[in-house]
Amino acid sequence: MDAPASFLKGVLGMIKTKKIGLHTFMAVPAFLLFALFFIYPLIQGIGMSLTDWDGLGRSNFIGLQNFFDFFKDERAITDIKNTLLFALGSAPLLNIIGLIYALLMNGKFKGKGIARVIIYLPAVISPLIMGYIWYLLLQPERGFVFHALELIGKSSWLGNWLGDYTACMVVLVLVNVWQYAGMTMVIYLAGLQSIPEELYESAKIDGASYWSSFRYVTLPMLMPSIRINVVTNIIGSLAVFDIVMALTDGGPGYSTETLSIYIMRMCYGSKTGYSTAVALIMFFIILIPVIISMRLTREKE
Amino acid sequence: MKRLVAMLLSVILVAGICTGCGNSTNASTAAASNASEVSSKAEGHVNIKLFTGKIETIDLMNEIINDFNASQDRITVEQEYQKDASNIIKIKFASGQVPDIMTTYEQGFVDQGKYLDLSDQTAWWDRLSPEMKVDCTDVKSGKQYRVCTNMTMAGFFYNKAIFSELGLKTATTWDEFEKNLQTIKDKKPSVTPWFIFGKEAWHLGHLIEFIPHGYIKQQLGSIEAKKAMLDNDKAKLNFGAADGAMATFAKNLIELKTKGLINADVLTATSDNCVQEFVTGKAAMLSNGMWVLSSLTDADPKIADTIGFAPYPSYMPNSKPVVLSAEDSGYSISATTEHKAEAIEFLNYLFKAENQKKYSEASKAPSAFKDVQAKWASTNVVSEVNTALKDAVNIGFTNEKPAGFSGDDAGRLVQDLLSGKYTPETFATAYEKAWNDGMK
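Residues numbered from 1 in each chain as written. Chains lettered and ligands numbered in written order. Predicted model: local features only at pLDDT ≥ 70, side-chain atom pairs only at ≥ 80, totals over all residues.

Let's talk about the interface of chain B and chain A
Argument step 1. Facing 31 residues of chain B, the contacting portion of chain A comprises 28 residues.
Argument step 2. Listed by contribution, the elements that provide at least two residues to the side of chain B that touches chain A are α1 (2-41), α3 (85-95) and α19 (407-418) of chain B.
Argument step 3. Among the elements that take part in the side of chain B that touches chain A, α1 of chain B stands out by supplying nine residues, more than any other.
Argument step 4. Broken down by class, the residue content of the side of chain B that touches chain A amounts to 13 nonpolar, 10 polar and eight charged. (Contact = placed C-beta atoms within 7 Å. Helix = DSSP H or I, 4+ residues; strand = E, 2+ residues; numbered from the N terminus. Nonpolar A, V, L, I, M, F, W, Y, C, P; charged D, E, K, R; others polar.)

Right, here's the structure in full:
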């Protein structure tokens with residue numbers, strides 16, 4: 001029997017024995033799109049990362065040289081450090097502040113709707129624009145905050161934050177958290193509102209305090225939301241680009257440059273093969289903490 | 001039964017998607033062949049794309065393009081502007097979507113044969129100044145792959161009123177320059193002697209191109225300097241030398257910073273800050289090119305009559321002041337265009353004297369065409385520029401930078417210098433290393 005006929009017979013057999021269900025076939029178009037826009041570019045990217053292609057001329061196979069060169073580049077190692085530090089600061093803060101916002105907004109008070117909108121509004125603005133706006137506010141010697149502090153004789157409080165690495169990273173993290181805490185809040189809010197009220201009533205009857213209710217009722221029931229937020233915030237923080245470009249341009253020099261910016265600059269610097277290799281490395285840098293956090297939150301769920 | 005229906009539905013859905021894509025391809029092929037049939041019927045109507053990164057002349061170019069399109073029915077020109085044109089063009093080359101005419105030009109693209117040889121366009125070269133033809137000549141092949149219609153200059157813009165009040169003359173040596181800055185600081189403490197907007201890496205990169213590279217270009221001559229940079233002739237470039245042009249430039253810059261002769265917020269100041277400080281008299285000098293004139297006159301139209309322009313002073317032994325006098329507004333034709341004749345026809349129209357006059361005045365750059373008389377700037381500025389060009393060695397941009405080490409990258413090294421990461425000597429060796437790495 002020839003191959004197509006065997007295949008069709010096998011499929012029909014699986015349908016009869018209910019091994020393939022309705023959902024299997026309905027997922028095919030989505031899988032095709034996934035294959036076209038993710039799997040195919042990934043495979044091509046892996047191929048490109050093994051070459052010395054400059055984006056224009058011929059490419060030559062150089063094996064894993066790009067990956068070795070990356071780990072020998074001091075600037076690249078600094079960029080990994082900057083990216084990880086940013087993520088370590090931004091991702092937990094986003095979750096903590098988002099959760100606090102959600103707990104506050106879940107209460108009953110006048111103007112709750114407007115408060116939610118105000119908190120969420122920064123998330124709809126382009127991060128690049130947000131970075132430029134914050135730069136106008138925070139620019140040493142010239143920004144709005146400097147002039148406001150000058151009026152009360154405390155301009156030294158702002159200082160030259162761009163000249164200090166720690167201050168730079170703190171500003172970047174805080175601006176990012178300020179912009180996206182609203183988005184985290186929305187997901188937590190949805191989770192909070194799906195928790196049955198009866199659980200809290202039962203806890204109250206059993207004499208549980210607010211913190212006990214939070215710990216033993218709210219947090220466990222919020223696990224799906226926590227999982228979503230932790231994963232998305234890790235991915236977003238490790239892939240940070242716009243806010244750094246707008247606020248510091250990765251500077252001064254390359255001191256606050258992140259991996260995404262490094263990839264862009266390498267690509268445009270006629271090192272397309274190399275930049276693809278770095279992008280693959282970044283893919284794994286993001287994948288590892290995502291897998292770990294998904295495993296941890298799944299256990300808790 | 002349900003599952004069979006589901007499978008059939010999915011197959012139909014997938015087939016529909018594929019057919020749709022195929023249909024659109026077939027449709028576009030059919031449309032293209034229909035279009036070509038129609039166009040052949042309409043005497044070969046073609047569409048050509050002009051790709052540009054120059055925002056300041058986009059409206060005027062659209063005007064000229066619309067006039068050209070209206071003047072005939074065989075060719076339709078469409079302008080595409082991209083802010084990051086020099087990088088977007090790489091994507092276009094890689095994807096095969098190459099525009100017919102482009103304003104972006106790089107040595108790497110010349111070496112890859114991406115541009116059409118324009119050496120035989122004598123109608124253009126005969127009208128252009130001989131210096132412009134030299135500037136447009138590729139050092140490696142001796143041919144011209146672009147034609148530039150304007151000149152641009154860069155040097156120090158200074159506040160003539162402040163200079164006059166303090167009895168200062170423009171400096172020809174670095175010592176004189178530093179004395180001028182010190183006098184301004186002593187007599188006018190609220191005025192920044194030299195304002196540098198160091199947040200923008202390109203600006204610091206330009207200082208490298210004009211000052212230390214300017215010395216090298218002066219010493220070797222324009223053509224030999226280009227060759228030395230293309231060949232990475234370390235003996236001639238000598239970037240890493242502890243007493244070389246790069247280290248001395250770095251030493252001078254650090255000294256100015258230490259003495260408070262440049263703005264304290266050099267690493268965070270932007271070009272907007274610079275323009276505001278200069279037009280309000282809070283900054284006495286700034287380094288920039290003629291392209292800044294529009295911003296200055298927009299901020300204060302009266303400033304055009306009070307701006308001075310001076311060359312970069314000499315700072316190495318046995319050297320002279322330099323001023324950038326370089327090609328601007330260049331056009332190249334893609335080597336793979338199917339519409340060479342039409343592209344040339346459009347450029348002929350664009351290069352007409354009346355269009356170039358308008359262009360020169362809009363872009364604030366003098367025309368390189370001998371038969372174009374344009375009022376590109378105020379009489380004062382034109383006079384200042386002509387004096388500077390006469391008194392200093394004229395140098396060009398460093399178009400021969402390594403592909404992996406751009407002007408912005410050089411500027412970031414200067415940011416590191418100003419933030420204290422390097423000494424002048426380690427800056428020079430870091431610059432040389434970055435240049436060499438960029439060559440790989």
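Focus: the nonpolar core
Argument step 1. With 164 residues, the main nonpolar core has Leu172, Met185 and Val278 of chain A together with Met246 and Phe427 of chain B as its most contacted residues.
Argument step 2. Per-element accounting of this core gives the leading share, 14 residues, to helix α9 (residues 165-193) of chain A.
Argument step 3. Counting contributing residues per domain, this core is built from domain 1 (47-151 + 327-363) and domain 2 (152-326 + 379-439) of chain B, each supplying no fewer than three.
Argument step 4. Excluding residues within four positions of it along the chain, Phe427 of chain B makes contact with Met246, Ala247, Ala250, Leu413, Leu417 and Tyr422 of chain B. (Core = buried A, V, L, I, M, F, W, Y, C linked by C-beta atoms within 7 Å. Buried ≥ 20, exposed ≤ 12 C-beta atoms within 10 Å, placed from the backbone. Domains from an automatic or database assignment.)

What about the pairing of strand β1 (residues 46-52) of chain B?
Residues and elements named next belong to chain B.
Argument step 1. Most of β1 sits out of view: five of its seven residues are buried.
Argument step 2. Here β1 pairs with strand β2 (residues 75-81) via seven bridges, running parallel. Bridge assignment links Lys49 to a residue of β2, and that residue is Glu78.
Argument step 3. For the segment spanning β1, helix α2 (residues 58-71) and β2, crossover handedness is right-handed.
Argument step 4. Bridging between β1 and strand β3 (residues 101-102) involves two bridges; their strand directions are parallel. Within β3, the residue paired with Leu50 across the bridge is Ile101. (Pairing = 2+ DSSP bridges. Right-handed = clockwise from strand over helix to strand, strands pointing away.)

With respect to the domain arrangement of chain B
Interfaces are frequently sized by the accessible area removed from exposure as the parts join.
All names here are of chain B.
Argument step 1. Domain boundaries in chain B define domain 1 (47-151 + 327-363) and domain 2 (152-326 + 379-439).
Argument step 2. Inter-centroid distance (C-alpha atoms) of domain 1 to domain 2 is 29 Å.
Argument step 3. Tallying the contact residues gives 10 residues for domain 1 and 13 residues for domain 2.
Argument step 4. Only α4 (107-111), β4 (147-159) and β8 (322-333) provide two or more residues apiece to the side of domain 1 that touches domain 2.
Argument step 5. In terms of residue class, the side of domain 1 that touches domain 2 is made up of two nonpolar, three polar and five charged.

A short note on the packing of helix α9 (residues 201-210) of chain B against α19 of chain B
All names here are of chain B.
Argument step 1. The N-to-C vectors of α9 and α19 enclose an angle of 95°; their axes lie 7 Å apart at closest approach. Comparing their axes, α19 and α9 come out roughly perpendicular. Across from Ala201, Trp202, His203, Leu204, Gly205, His206, Leu207, Ile208 and Glu209 in α9, the residues of α19 making contact are Gly407, Asp408, Ala410, Gly411, Arg412, Val414 and Gln415.
Argument step 2. Taken together, the residues that form the contact of α9 with α19 break down as seven nonpolar, six polar and three charged. (Axes fitted to C-alpha atoms, helices over the stretch in contact; angles between N-to-C directions. Parallel < 35°, antiparallel > 145°, perpendicular 65-115°, else oblique.)

Considering the environment of Glu150 of chain A
Residues and elements named next belong to chain A.
Argument step 1. Within the secondary structure, Glu150 sits in helix α8 (residues 144-151).
Argument step 2. Under the C-beta neighbour-count criterion, Glu150 is labelled partly exposed, with 13 such atoms within 10 Å.
Argument step 3. Spatially, the C-alpha atoms of Glu150 and Arg298 are 51 Å apart, while their sequence positions differ by 148 residues.

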